[in-house]
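Letter by letter, the chains look like this.
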Amino acid sequence: MAEEVGSYWEELLPWWTTENLGKELEKLTVRHFLVRANGPQRSAVVELVQRAGTWFVEGVED
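About the cut-offs
- Within every chain, residues take consecutive numbers counted from 1 along the sequence as written.
- Where totals are concerned, whole chains, interfaces and linings use all residues; where local detail is concerned, this predicted model gives features only for residues with pLDDT of at least 70, and gives and counts side-chain atom pairs only at 80 or more.
- Computation of side-chain values: all heavy atoms of the structure, hydrogens and water removed.
- Helix and strand labels come from DSSP, where a helix needs a run of H or I of at least four residues and a strand needs a run of E of at least two; each type is numbered from the N terminus.
- For a compact globule the rule gives 2.2 Å times the number of residues to the power 0.38, and the radius of gyration it is set against comes from C-alpha atoms.
- Relative accessibility thresholds used throughout: buried, under 20% of the residue-type maximum; exposed, over 50%; partly exposed, between the two (1.4 Å probe, protein chains only).
- Two residues form a contact once any of their heavy atoms are found within 4.5 Å.
- The protein chains shown are the only cover counted for residues, whose accessible areas, like all others here, come from Shrake-Rupley with a 1.4 Å probe.
- The positive count covers Lys and Arg only, the negative count covers Asp and Glu only, and His and the chain ends enter neither.
- A charged residue contributes its charge at one atom only: NZ of Lys, CZ of Arg, CG of Asp or CD of Glu.

A. Seen up close, the overall build of the protein chain. In terms of helices and strands, the protein chain carries one helix and five strands. Going from the N terminus to the C terminus, the protein chain shows its helices and strands as β-β-α-β-β-β. What you see for the protein chain is a C-alpha radius of gyration of 14 Å, clearly larger than the 11 Å of a compact globule of 62 residues, by over 25%. On the principal axes, the C-alpha backbone points of the protein chain span a range of 45 × 20 × 15 Å. With 62 residues in all, the protein chain has 23% of them scored as buried. Considering only intrachain contacts with a sequence separation of at least 6, the fraction spanning at least 24 residues in the protein chain is 26%. Split by element, the accessible area of the protein chain, about 4,800 Å² in all, is 53% carbon and sulfur. Charge centroids of the protein chain, computed over 6 positive and 11 negative side chains, lie 4 Å from each other.

B. Examining the environment of Leu 13 more closely. Structurally, Leu 13 is set in the loop between β2 (9-12) and α1 (25-28). C-alpha separation for the pair Leu 13 and Arg 51, spaced 38 residues apart in sequence, amounts to 9.5 Å. The contacts of Leu 13, once residues within four sequence positions are left out, are Asn 20, Lys 27, Leu 28, Val 30 and Arg 51.

What follows is the structure, encoded as structure tokens:
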């Protein structure tokens, strides 16, 4: 079971760098979510990040 711990926040990748010039705003937006994941023996707060349509785990706090 999982539940969102707080509101999410957004940041923008540096649009002025050579690798990001000309990219759409959506591709430069990074969204962060804190989620509590509850298991049968323990729970943890996980920071999930969405960048350019891809999700990954940024950090875990036991």
